[in-house]
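Each chain, letter by letter, is given below.
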Amino acid sequence: MKTPITTLAEKFKAATLKAFPQLEGSPDLVVELSPSTHGHYQANSAMKLAKPLKQNPRQVAEALVRAIGTDPLIDKLEIAGPGFINITLSADYLSQFVDSVIRDPHLSIEIPQKKQRIIVEFSSPNTAKELHVGHLRSTIIGDSLARLFEFLGHDVVRLNHVGDWGTQFGMLIAYMKETAPDVLSGKSTTDLTHLMTWYKAAKAKFDADPEFKKRSQQEVVALQGGQPDALKAWGIICDISRKAYQEIYDLLDVKLNERGESFYNPMLPGIVADLEHKGLVTVSDGAKCIFLEGFRNREGNILPLMIQKSDGGYNYDTTDMAALRHRIETEKADRIIYVTDVGQSTHFQMIFEAGKKAGYYDPANTRIDHVTFGLVLGTDGKKFRSRSGDTEKLIDLLNEAVVHALAIVKERSPEMSESEQQHLAEILGIDAVKYSDLSSHRSSDYTFSYERMLRFDGNTAVFLLYAYVRIAGIKRKVQADIEEVKKKGKVKLEHPSEIALGLHLAQFGEVLDALARDLLPNRMTDYLYELANKFNAFFRDCRVEGSPQQDSRVLLCEAVAATMHQGLTILGLKTVERM
Ligand code: ARG
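Here is a short report on the structure shown in this document. (Residues numbered from 1 in each chain as written. Predicted model: local features only at pLDDT ≥ 70, side-chain atom pairs only at ≥ 80, totals over all residues. Heavy atoms only, no water.)

**Topic: the pairing of strand β10 (residues 302–308)**
Selection rule: Strand pairing is assigned whenever DSSP detects at least two bridges linking the two strands. In this text, helices come from DSSP runs of H or I with a minimum length of four residues, and strands from runs of E with a minimum of two, each type numbered from the N-terminal end.
Relative to β10, strand β9 (residues 287–296) runs antiparallel, the two sharing five bridges. The partner of lysine 288 across the bridge, within β10, is glutamine 308. Here β9 folds back onto β10, and the loop between the two strands holds five residues, one of which, glycine 300, carries a positive phi near 90 degrees.

Dropping the structure here:
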């Protein structure tokens, strides 16, 4: 079914034309609706229409209300203040809506008429380095946006833009040739922790030892020239890193397709030539740059996008220009979403601006968003560091969340078997980490606290799962076979708490639309938190088991469970049936 707000907007548009036929085809034909606590929605268009119609807004509102007349969807229309129209939907309509939710595997959410191809680029760590908490945020937020668009029926491409290319590999290979030749030849293997240690040592040696520096530079040349030994060594380094990343993605249940920076390598000379050909390139101190209006550093100097260094090398900017073009021209993206920390905002604004100038994309046909997020802070208010100090290993952090969850589970559910407790803790721990990230507005910094994220009350994953489990419990208690109840019964909302819950369920599609527009996952967490609260109110006020309304109420519970499950799935959270 269409969302209530869409249905109302259509009704109001028709009513506006009926009352004021002179508005046909006019840009003044506005319909403005918003959810409201006075009634269910509010229409504000009378105020906007008053001027072009040369009438007072109250008169306009009265005419609109008359034009709508009686409607089975609407229980009440009330004019308030200067001309706001407060709308109360009918219990019949909301009952029908909820009923349609439980009878449709897609929860009565409409599939778009035209599928879009949407690229979501997220996570994107740098080879030979551990993922850090910033990459964790990117992974969690990006995955949830990808899940949203997948559910909405779009064609989603999940890309991991791994930083797998660059001059740093020269020194790492040179260093490993000396200290770990067996790893480079594939005779023995190692893990990312060792790789990082070598990487740091290599860097120090590079700065201190001119001979080593020279050897490193030769390795870079060999690698860029595609020399087989160098490529093999690089491949081994990538594999070791990949294995460590995959362990984290598995733990988080995140799917990603690796398409690192190296993928775009062959395209870079062509990109530079193309940008030069289009007259966008200026040579400055030997480097090829694109200067764009409006991008300046703190000192007020113009910031260039550097697409080729004076030594002929390409860099981050060049790769991103190539990636943008490839995503539009080859991948045929209708929409591209980049998820990184807010520190990269200027970089992306410049890439997008240069991409527009080069004709790689037209904002009228392709929507591109840089989805940014703030820092992860520790409970001390400083940038997050794990207990071990400077090397914050993400895998440790996730495992520690599970350990914290296990302690809570053991305390609250001592009757469970150990394996059940462990299973539950694995879900709760990871859910808690994801939810606490997604529930804070992504542009603000967020505080990482195991204690807070695992609380049983308030806006937490645990609180929501608890509500979800409660519903499963009700179903068990009334021993309802949902399929049977669906056959013989229908949802009929009567009690104000049922109606409030029904309205909220009907608004799920509105939240999905808003989320698709502004890409703020906390809209979904807010929605689900509210859903749990409204469900708890209903459960407090309305008896389910043994009441004359048992069938309708069981079905209402089923709609809540299905909606909550879907909402949590979009956030990347797993649900449990008992806890
Ligand atoms: N590898 C980068 C980092 O760790 C993030 C890459 C973001 N994506 C991009 N297309 N530049 O900071």
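Let us keep going from here.
**Details of the packing of aromatic side chains**
For clarity, the cut-off: By convention, a stacked pair of Phe, Tyr or Trp rings (six-membered ring in the case of Trp) has centres within 6.5 Å and planes under 30 degrees apart, an edge-to-face pair has planes over 60 apart, and any other such pair is tilted. Each residue is assigned to one of three classes by its accessible area relative to the maximum for its type, calculated with a 1.4 Å probe on protein chains only: buried under 20%, partly exposed between the two thresholds, exposed over 50%.
This model, assessed by the stated rule, comprises 14 aromatic pairs. With a centroid separation of 5.0 Å and an interplanar angle of 85 degrees, the aromatic rings of phenylalanine 263 and tyrosine 264 are classed as edge-to-face. When its relative accessible area of 36% is taken as the criterion, phenylalanine 263 is described as partly exposed. Tyrosine 264 sits in the buried class, given a relative accessible area of 0%.

**What about unusual backbone geometry?**
Negative phi characterises most residues that are not glycine, and trans characterises most peptide bonds. A positive phi is found at lysine 54, a non-glycine position, where the angle reads about 50 degrees. Positive phi outside glycine occurs at aspartate 285, with the angle close to 50 degrees. Judged by its relative accessible area of 78%, aspartate 285 falls in the exposed class.

**With respect to the sheet that holds strand β2 (residues 41–43)**
Paired through their backbone hydrogen bonds, the strands of a sheet run either parallel or antiparallel. Applied cut-off: Every axis in this analysis is a line fitted to C-alpha atoms, fitted for helices over the stretch in contact. Angles between the N-to-C directions lie between 0 and 180 degrees.
Spatial ordering of the open sheet is given by β1-β2-β4-β3, a layout of four strands whose pairing is antiparallel. The open sheet has two edge strands, β1 (33–35) and β3 (74–80), and neither has a second partner. Ignoring which end each strand starts from, the neighbouring axes of this sheet average 25 degrees apart. By the bridge criterion, three bridges tie β2 to strand β4 (residues 84–89) in an arrangement that is antiparallel. What sits directly across from tyrosine 41, in β4, is isoleucine 87.

**Points about the site of the ligand**
To be explicit about the condition: By convention in this text, a residue qualifies as near a molecule or strand provided that one of its non-hydrogen atoms is within 4 Å of it. As used in this structure description, the phrase polar contact means that two N or O atoms lie within 3.5 Å; if the pair is within protein, one of them must be able to donate a hydrogen and the other to accept it, and residues adjacent in sequence are counted only when both atoms belong to side chains. Surface accessibility in these figures is a Shrake-Rupley result with a 1.4 Å probe; residues are shielded only by whichever protein chains are displayed. Each residue gets one label: Ala, Val, Leu, Ile, Met, Phe, Trp, Tyr, Cys and Pro are nonpolar, Asp, Glu, Lys and Arg are charged, and the others, such as Gly, are polar.
All residues in the neighbourhood of the ligand are listed as Glu121, Ser124, Asn126, His135, His161, Tyr316, Asp320, Tyr338, Thr340, Gln344 and Phe348. For the ligand, a nitrogen atom lies 2.7 Å from a polar atom in the side chain of asparagine 126. Within the side chain of histidine 135, a nitrogen or oxygen atom sits 2.8 Å from an oxygen atom of the ligand. Bound to the protein, the ligand loses 90% of the 350 Å² it would expose on its own. When residues of the shell around the ligand are traced back to their parent elements, those giving at least two are α12 (316–329) and β11 (335–341). Each residue belonging to the shell around the ligand can be placed in one class, and the counts come to three nonpolar, six polar and two charged.

**Side note on the side chain of threonine 460**
Formally: Contact between two residues is taken to exist if any of their heavy atoms lie within 4.5 Å; hydrogens are not considered.
Here threonine 460 shows up in the loop between α16 (450–453) and α17 (461–477). The class for threonine 460 is buried, based on a relative accessible area of 8%. Engagement of the side chain of threonine 460 in a polar contact is seen with the backbone nitrogen of phenylalanine 463, the distance being 3.1 Å. In contact with threonine 460, not counting residues within four places along its chain, are Tyr435, Arg452, Met453 and Arg455.

**Quick word on the sheet that holds strand β7 (residues 257–258)**
The strand order β7-β6-β5-β11-β12 describes an open sheet built from five strands, whose pairing is parallel. Each edge of the sheet is formed by a strand with only one pairing partner; in this case those strands are β7 and β12 (367–373). As judged from the four bridges shared by strand β5 (residues 117–121) and β11, these two strands associate in the parallel manner. By the bridge assignment for β11, isoleucine 119 is matched with isoleucine 336. Against the sheet, helix α5 (residues 133–151) touches β5, β6 (155–160), β11 and β12, its axis set at about 165 degrees to β6.

**Some words on the pairing of β4**
The two faces of a sheet get side chains in turn, since along a regular strand they alternate between them. Here β4 lies mainly inside the structure; five of its six residues are buried. Two elements, β3 and β4, share six bridges in a ladder whose sense is antiparallel. Looking at β4, one finds that isoleucine 74 is bridged to leucine 89. Two successive antiparallel strands, β3 and β4, enclose a turn made up of three residues, where glycine 81 displays a positive phi of approximately 55 degrees.

**A look at the state of the cysteines**
Put simply, the rule is: The disulfide definition used here is simple: a pair of cysteine sulfur atoms within 2.5 Å.
Per the counting criterion, the structure on display carries zero disulfides. The structure places no disulfide on cysteine 557, whose sulfur is separated from the nearest cysteine sulfur, that of cysteine 542, by 9.7 Å. You can call cysteine 557 buried: its relative accessible area is 1%.

Read these as layout, nothing more, since geometry by itself doesn't imply function.
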